[in-house]
Amino acid sequence: MKHDPIVTEVVRHALETIAEEMGSAIRRTAVSVVIRDLRDYSCAVFDAKGGLLACALDVPGLMAAMAPALQATLEKWGDDVKEGDVFITNHPYMGCAHTSDINIFVPVFGSDKGLVGFTGVIAHHADWGGRVPGTAAYDSRSLFQEGVILAGLKLYEAGRPVQAIYDIIRENVRHPSQNLGDLRAQLAAARAGRDRFAALAATYGDATLRDVLAGLIDYTTRRVRKALADLPDGTWSAEGAIDDNGITPGARVKYVVDVTLSGETITFDFSRGDKQMPGGMNIPWASLRSAVQYALTCILPDDIPVNEGVMQPVEIVAPVGGAVNPAHPAAVSDRHIACERLADVLVHAMGKIAPDYCSAGWCVGFPVFICESASPKTGDGAVLLGIISGGAGAAPGMDGASGMDVHLSNCALIPAESVESNYSLRIDRYELIRDSGGAGAFRGGLGIRADYRNISGQPLDVQTEVEQSSEDSPPWPLDGGRPGTNCSVWMIEDGKERRLPSKGYFTIPVDGVVSMRGGGGGGAGDPAERPVRQVLADLAAGRISAAAARDIYGVDPQTGQRP
């Protein structure tokens, strides 16, 4: 290193702290439930070329998607970056994930007036216009149905707002006061990070800081190459499928990855997967890159900093026109529901490379509930985006975690109080689903059930989506365990339940209930080998039923013993 390693480490942690503080700022000041309570945002710090320096570990599906968005924006503007500028972009074919994820980037200048880097905040806006409330839809057929497209524009120029951009946003979204409020929160967070980053330059000097930043990325690159070199060379494959293509029920779409390790480099080849879909679940390049980074970091030592260096030894092969890396203008707004399955496939492949990091399959069904309604307190309308959690897969030596927003998402469960304060809905149940985790010596995590009751006094239109609802694709077991359970959607009227299709637009009658049910993770090891005390503890806590204790684990609920 050119500089004292202690200085380098101090700068590294300072950058990570800046990203975390930006996250705290947007969470405190956001208007929408989706950002404030669901926490669907990420914050990061970048070098002057748009390379990731540090990020808060918020939503993995967004972390590696921000650098391509910033780099595409810088390619467009070149050297026309001034103090006071603010860039905004959401174009999926210019490095972004989907139109609802709005990127804000603020340049940081040193005392020499030279560009040092950028701060960035990406946040999911509950509605960004388009053909349906909530914007994201499995059955959209074109990018042009997916809301307002901002192709790497200046929201502020030399400190002055570009009013035309604000006017376009205001006239093309369903609830502009909410969107503009969330944009202000993103701006405040990014500018707070800018000030802290500039103070860092003042402390160490511009030239020194630039050298340290380059050294950080080089350090991570060397560490990742060393970790890869310690693994065996070879090619490992995995595959999986989503339930349908968004248009034709049952038309499954397959993802295949061939992972090749060769010395200090690793290649992820998606060439054998299916072609792009007619619907809206195609996965654009930025989201593909995030899924690859996530899977790779799962098998890396956890003290390696997450920055641009992680991806330096990586090659991604994904021909344009596939279900991953589709061709413009394929619809991508619902890419998140497919990304979880892709992450599951990638993690499965990585588990073959590094078995010590392997677990059983996770729930990747990603149940989503979208509803536009009015607040019972203020009467203001807004779109609710509710994500329901599933169970993680068990691993040798540990049970899977319950109620997790798994793999690439990592969002929170919106508190019932927030839902009931902001929408004409009541949460009848938030509960873990008994027996949903796959049985095993180590049990899979449990899924969550969320019941939304319509208390508006009139029918409410909703959109619901789940994946992994097909009986032939539950979360897979490991080493003799049992599979986890699938996801499902139910309508409850007058106490009677009926199962709904996995994706659809429905009307909740007055006092009716839509019940979203997440699946459980797969189990690991023979259930007969699970210690009796753990079976009884699960039984007492309501995680398993008496029938499961007796019939699957072989433990008599009455005597507490195995025959």
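That block above? That's the structure.
None of the values given here were measured: they were computed from a predicted structure. (Residues numbered from 1 in each chain as written. Predicted model: local features only at pLDDT ≥ 70, side-chain atom pairs only at ≥ 80, totals over all residues. Heavy atoms only, no water.)

1. A look at the overall build of the protein chain
Part 1 of the reasoning: Across its full length, the protein chain carries 12 helices and 20 strands.
Part 2 of the reasoning: Taking 563 residues into account, the globule formula puts the C-alpha radius of gyration at 24 Å, and the protein chain, at 24 Å, falls close to it.
Part 3 of the reasoning: When contacts within the protein chain are restricted to residue pairs at least 6 apart in sequence, long-range pairs at least 24 apart make up 72% of them.
Part 4 of the reasoning: Carbon together with sulfur atoms contributes 51% to the accessible area of the protein chain, which is approximately 20,700 Å² in total.
Part 5 of the reasoning: Averaging the locations of the 51 positively and 69 negatively charged side chains of the protein chain gives two centres separated by 2 Å. (Helix = DSSP H or I, 4+ residues; strand = E, 2+ residues; numbered from the N terminus. Rg over C-alpha atoms; globule rule 2.2 N^0.38 Å. Contact = heavy atoms within 4.5 Å. Areas by Shrake-Rupley, 256 points an atom, 1.4 Å probe, with all protein chains shown as cover. Lys, Arg positive; Asp, Glu negative; His and termini not counted. Charge placed at Lys NZ, Arg CZ, Asp CG, Glu CD.)

2. So, the packing of aromatic side chains
Part 1 of the reasoning: A complete count under the given rule lists 5 aromatic pairs for this structure.
Part 2 of the reasoning: Taking 5.7 Å as the distance between ring centres and 80° as the angle between the ring planes, the aromatic pair formed by F46 and F105 counts as edge-to-face. A residue pair is termed long-range when its members are at least 10 positions apart, and F46 in strand β1 (residues 41-47) and F105 in strand β4 (residues 101-109) qualify at 59 residues.
Part 3 of the reasoning: The class for F46 is buried, based on a relative accessible area of 0%.
Part 4 of the reasoning: Overall, the relative accessible area of 0% leaves F105 in the buried class.
Part 5 of the reasoning: Looking at R191, its charged tip hangs above the ring of Y156, at a distance of 4.6 Å from the centre. (Phe/Tyr/Trp six-rings, centres within 6.5 Å; stacked < 30°, edge-to-face > 60°. Buried < 20%, exposed > 50% of the residue type's maximum accessible area, 1.4 Å probe, protein only. Lys NZ or Arg CZ within 6 Å of the ring centre and 35° of its normal.)

3. Thoughts on the side chain of R12
Part 1 of the reasoning: Assignment of secondary structure puts R12 in helix α1 (residues 5-29).
Part 2 of the reasoning: We classify R12 as buried; its relative accessible area is 14%.
Part 3 of the reasoning: Those residues in contact with R12 that lie beyond four places of it in its chain are L216, D303 and P305.

4. Digging into the nonpolar core
Part 1 of the reasoning: Of all hydrophobic cores here, the largest spans 104 residues; its most connected members are Y255, F268, F270 and F369.
Part 2 of the reasoning: No other element matches the 11 residues that helix α9 (residues 335-353) contributes to this core.
Part 3 of the reasoning: The contacts of F270, once residues within four sequence positions are left out, are V256, V257, L288, V292, I316, V317, A318, V324, L342 and L346.
Part 4 of the reasoning: Among the nonpolar cores identified, the runner-up in size contains 46 residues, and L15, M22, W128 and L180 belong to it. (Core = buried A, V, L, I, M, F, W, Y, C linked by side-chain atoms within 4.5 Å.)

5. Concerning the pattern of salt bridges
Part 1 of the reasoning: Scanning the model with the defined rule gives 38 salt bridges in all.
Part 2 of the reasoning: For D538, the salt bridge identified is with R530, shortest N-O distance 3.0 Å. Pair check on accessibility: D538 and R530 agree, each one buried.
Part 3 of the reasoning: Residues joined by salt bridges that share partners form a network here, namely R429, E431, R449, D451, E497 and R517. (Salt bridge = Lys/Arg side-chain N within 4 Å of Asp/Glu carboxyl O.)

6. Some points on α1
Part 1 of the reasoning: A rise of 1.5 Å per residue sets the reference length of α1, with its 25 residues, at 36 Å; its end C-alpha atoms lie 36 Å apart and thus fit the reference within 8%.
Part 2 of the reasoning: Regarding α1, the residues found buried are T8, V11, R12, A14, L15, E16, I18, A19, M22, G23, A25 and I26.
Part 3 of the reasoning: Contacts from the buried residues of α1 go to α2 (33-36), β1, β2 (52-55), β5 (115-124), α6 (176-204) and α7 (206-229). (Expected span 1.5 Å × (residues − 1).)

7. Side note on the sheet that holds strand β16 (residues 460-465)
Part 1 of the reasoning: Spatial strand order, β13-β12-β16-β19: 4 strands in an open sheet with antiparallel pairing. With one partner strand each, in any of the chains shown, β13 (381-387) and β19 (503-508) form the two edges of the open sheet. In this sheet, adjacent strand axes meet at a mean angle of 20° when their direction is disregarded.
Part 2 of the reasoning: As judged from the 4 bridges shared by strand β12 (residues 368-374) and β16, these two strands associate in the antiparallel manner. (Pairing = 2+ DSSP bridges. Axes fitted to C-alpha atoms, helices over the stretch in contact; angles between N-to-C directions.)

8. Here we look at the packing of helix α8 (residues 285-297) against α9
Part 1 of the reasoning: Running from N to C, α8 and α9 point in directions that differ by 35°, and their axes come no closer than 9 Å. Classified by chirality, the crossing of α9 by α8 is right-handed. Taken together, the residues of α9 that come into contact with α8 (itself represented by S287, L288, A291, V292, Y294, A295 and L296) are R335, C339, L342, A343, L346, V347 and M350.
Part 2 of the reasoning: Residue composition of the contact of α8 with α9, by class: 12 nonpolar, 1 polar and 1 charged. (Left-handed = near helix turned anticlockwise from the far one by under 90°. Nonpolar A, V, L, I, M, F, W, Y, C, P; charged D, E, K, R; others polar.)

9. With respect to α9
Part 1 of the reasoning: Here α9 spans 27 Å end to end across 19 residues, near enough to the 27 Å set by a 1.5 Å rise per residue.
Part 2 of the reasoning: Most of α9 sits out of view: 17 of its 19 residues are buried.

10. Structural notes on the sheet that holds β1
Part 1 of the reasoning: Strands sit in the order β2-β1-β5-β4-β3-β6-β7 across an open sheet of 7 strands; the sheet is antiparallel. Whereas interior strands pair on both sides, the edge strands pair on one side only; in this sheet they are β2 and β7 (160-161).
Part 2 of the reasoning: As judged from the 3 bridges shared by strand β3 (residues 86-89) and β4, these two strands associate in the antiparallel manner. Paired with I88 across the two strands is I104, which belongs to β4.
Part 3 of the reasoning: The strands that α6 touches are β1, β2, β3, β4, β5 and β6 (153-157); relative to β4, the one it contacts most, it runs at about 30°.

11. Here we look at the pairing of β12
Part 1 of the reasoning: Burial of β12 is extensive: 5 of the 7 residues sit out of reach of the surface.
Part 2 of the reasoning: Two strands pair when backbone bridges link them, and β12 and β13 are joined in this way by 7 bridges, in the antiparallel orientation. Bridge pairing links S373 to A382 in β13.

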